[in-house]
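Each chain, written out:
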Amino acid sequence: MKHITVAGLHKPVSQLMKGSDYFTHNNYDKAAANLDAFFAIGGNAIDTAHIYTGGESEAVIGRYFQERGNREQWVILTKGAHHDENGPRVNREAIRSDLAESLERLQTSYIDMYAVHRDDLSVPAGDIIEALNEHIASGAVRSIGASNWSWHRMQEANDYAAAKGLAGFSFSSPNLSLAKANEPFWPGCVSADSGALAWHRQTQLPLFAWSSQARGFFTGRFSPEDRTNADLVRVFYSDGNWERLARAKQLAERKNVTAIQIALAYVLNQPFPACALIGAQSAEELRSCDEGSRIALTQEELDWLDLTVE
């Protein structure tokens, strides 16, 4: 499996990142088996968050590390400061509190990559950089980033960090997939648009794409007439996306692969470092992702898939 480098880390990061938003204590054996299988194909990066499954995701991962004794072989990405029923909580105290609890659940002394899970435009980006740098200085965090931030806010944060001699954001984690979102899947979520892609190309800042395969849109299970999945209809059903699916199928046939593997390759072949968060829960799904991560696409193929050229 291919890997990328992220500023602040001494370990490479696998281009496929194992999603864990279904990990619970009740399905621990399945989660552990999924992690073993992912590690066996060269994966070493796992994505989690303070809010996933009410905190059980992090706790399951911590238990797994303790049982396997392999914490140092993994790269952990976890996120905090997500809003709650009272609204936004992107602030110094929420970051401190969530991070402390995440460290305890994960049974580790440090987080490889820590991200604020949402943004709050009323808070200066510099304040968030200051707060996160406190945890880099303490050794609790190695690298910092943001999930669901616009590229403009990312640039604002990194300009502040550069001016103050502080560590800036080393990665961004928006939605990116071949299918373009009509609207956010969840309130406050951000999808990478053409401006964001141009910014990542210019800065070469790594992008960690969630919903990298558009939540199954490219599996072939859906059609314009099938409207049973309300969320998929709301977010991904559009004339443009049906054309992208048709082109993915055409290219897949020429390369003897599947359309969903082409969709994954679209994310991983961007002209900047990119990783894809995957939700593979079976051996077949993992095999598909592994094979898809090995597909090389040219810029011309990327542009054709994305409807920017005929």
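For the structure given in this document, a descriptive report is provided here.

Take the overall build of the chain next. Along the chain, the regular secondary structure elements total 11 helices and 10 strands. A globule of 310 residues ought to have a C-alpha radius of gyration of about 19 Å, and the chain, at 19 Å, matches this closely. Each of the three principal axes of the chain carries a C-alpha extent, and together these read 50 × 45 × 35 Å. By residue count, 56% of the 310 residues in the chain fall in the buried class. Long-range pairs, those at least 24 residues apart, make up 77% of the contacts in the chain between residues at least 6 apart in sequence. In the structure as shown, the chain presents an accessible area of about 13,100 Å², 50% of it carried by carbon and sulfur atoms.

Under the definition given, this model contains 24 salt bridges. Across the salt bridge formed by Arg92 and Glu134, the nearest N and O atoms sit 2.8 Å from each other. Residue Arg92 is found in helix α3 (residues 92–106), and its partner Glu134 is found in helix α4 (residues 125–138); the two are separated by 42 residues along the sequence. What makes Glu134 partly exposed here is its relative accessible area of 40%. In this structure, Asp306 engages Lys180 in a salt bridge whose closest nitrogen and oxygen atoms are separated by 3.6 Å.

Moving on: the packing of aromatic side chains. In total, this model carries 16 aromatic pairs according to the counting rule given. Judged by centre distance (6.1 Å) and plane angle (85°), the rings of Tyr64 and Trp74 are edge-to-face. Of this pair, Tyr64 sits in helix α2 (residues 56–68) while Trp74 sits in the loop between α2 and β5 (75–80), and the two are 10 residues apart along the sequence. By relative accessible area, which is 1% here, Tyr64 ends up buried. Note on Phe171 and Phe208: the rings are 4.9 Å apart at their centroids and 20° apart in plane angle, and the pair reads as stacked. In this pair, Phe171 sits in strand β8 (residues 171–173) while Phe208 sits in strand β9 (residues 207–209), placing the two residues 37 residues apart along the sequence. An identical accessibility class is assigned to Phe171 and Phe208; each is buried. Following the ring pairs from residue to residue traces out a cluster consisting of Phe38, Phe39, Tyr64, Phe65 and Trp74. Above the plane of the ring of Tyr28 lies Arg63, whose end atom (NZ or CZ) is 3.6 Å from the centre. Across from the ring centre of Trp304, 5.5 Å away, lies the NZ or CZ of Arg254, which sits over that ring.

A separate point is helix α1 (residues 28–40). Along its 13 residues, α1 runs 18 Å from first to last C-alpha, staying within 8% of the 18 Å computed at 1.5 Å per residue. For α1, every residue scored as buried is listed here: Tyr28, Ala31, Ala32, Asn34, Leu35 and Phe38. Along the long axis of α1, the arc covered by the buried residues comes to 160°, so they all point the same way. Among the exposed residues of α1, those oriented more than 90 degrees off its buried face are Asp29 and Ala40. On the buried face of α1, the contacting elements are β2 (13–14), β3 (16–19), β4 (45–47), α2, β10 (274–278) and α10 (283–292).

What follows covers the packing of α4 against helix α5 (residues 151–164). For the pair α4 and α5, the least separation of the axes is 8 Å and the interaxial angle reads 60°. When the axis of α4 is compared with that of α5, the two are oblique. Relative to α5, the crossing made by α4 is right-handed. Between α4 and α5, the contacting residues are Ala125, Gly126, Ile128, Ile129 and Glu130 on the first element and Arg153, Glu156, Ala157, Tyr160 and Ala161 on the second. Residues of the contact of α4 with α5, tallied by class, amount to six nonpolar, one polar and three charged.

Reading guide: rules and limits
Residues numbered from 1 in each chain as written. Predicted model: local features only at pLDDT ≥ 70, side-chain atom pairs only at ≥ 80, totals over all residues. Heavy atoms only, no water. Helix = DSSP H or I, 4+ residues; strand = E, 2+ residues; numbered from the N terminus. Rg over C-alpha atoms; globule rule 2.2 N^0.38 Å. Buried < 20%, exposed > 50% of the residue type's maximum accessible area, 1.4 Å probe, protein only. Contact = heavy atoms within 4.5 Å. Areas by Shrake-Rupley, 256 points an atom, 1.4 Å probe, with all protein chains shown as cover. Salt bridge = Lys/Arg side-chain N within 4 Å of Asp/Glu carboxyl O. Phe/Tyr/Trp six-rings, centres within 6.5 Å; stacked < 30°, edge-to-face > 60°. Lys NZ or Arg CZ within 6 Å of the ring centre and 35° of its normal. Expected span 1.5 Å × (residues − 1). Arc of directions from axis to C-beta. Axes fitted to C-alpha atoms, helices over the stretch in contact; angles between N-to-C directions. Parallel < 35°, antiparallel > 145°, perpendicular 65-115°, else oblique. Left-handed = near helix turned anticlockwise from the far one by under 90°. Nonpolar A, V, L, I, M, F, W, Y, C, P; charged D, E, K, R; others polar.

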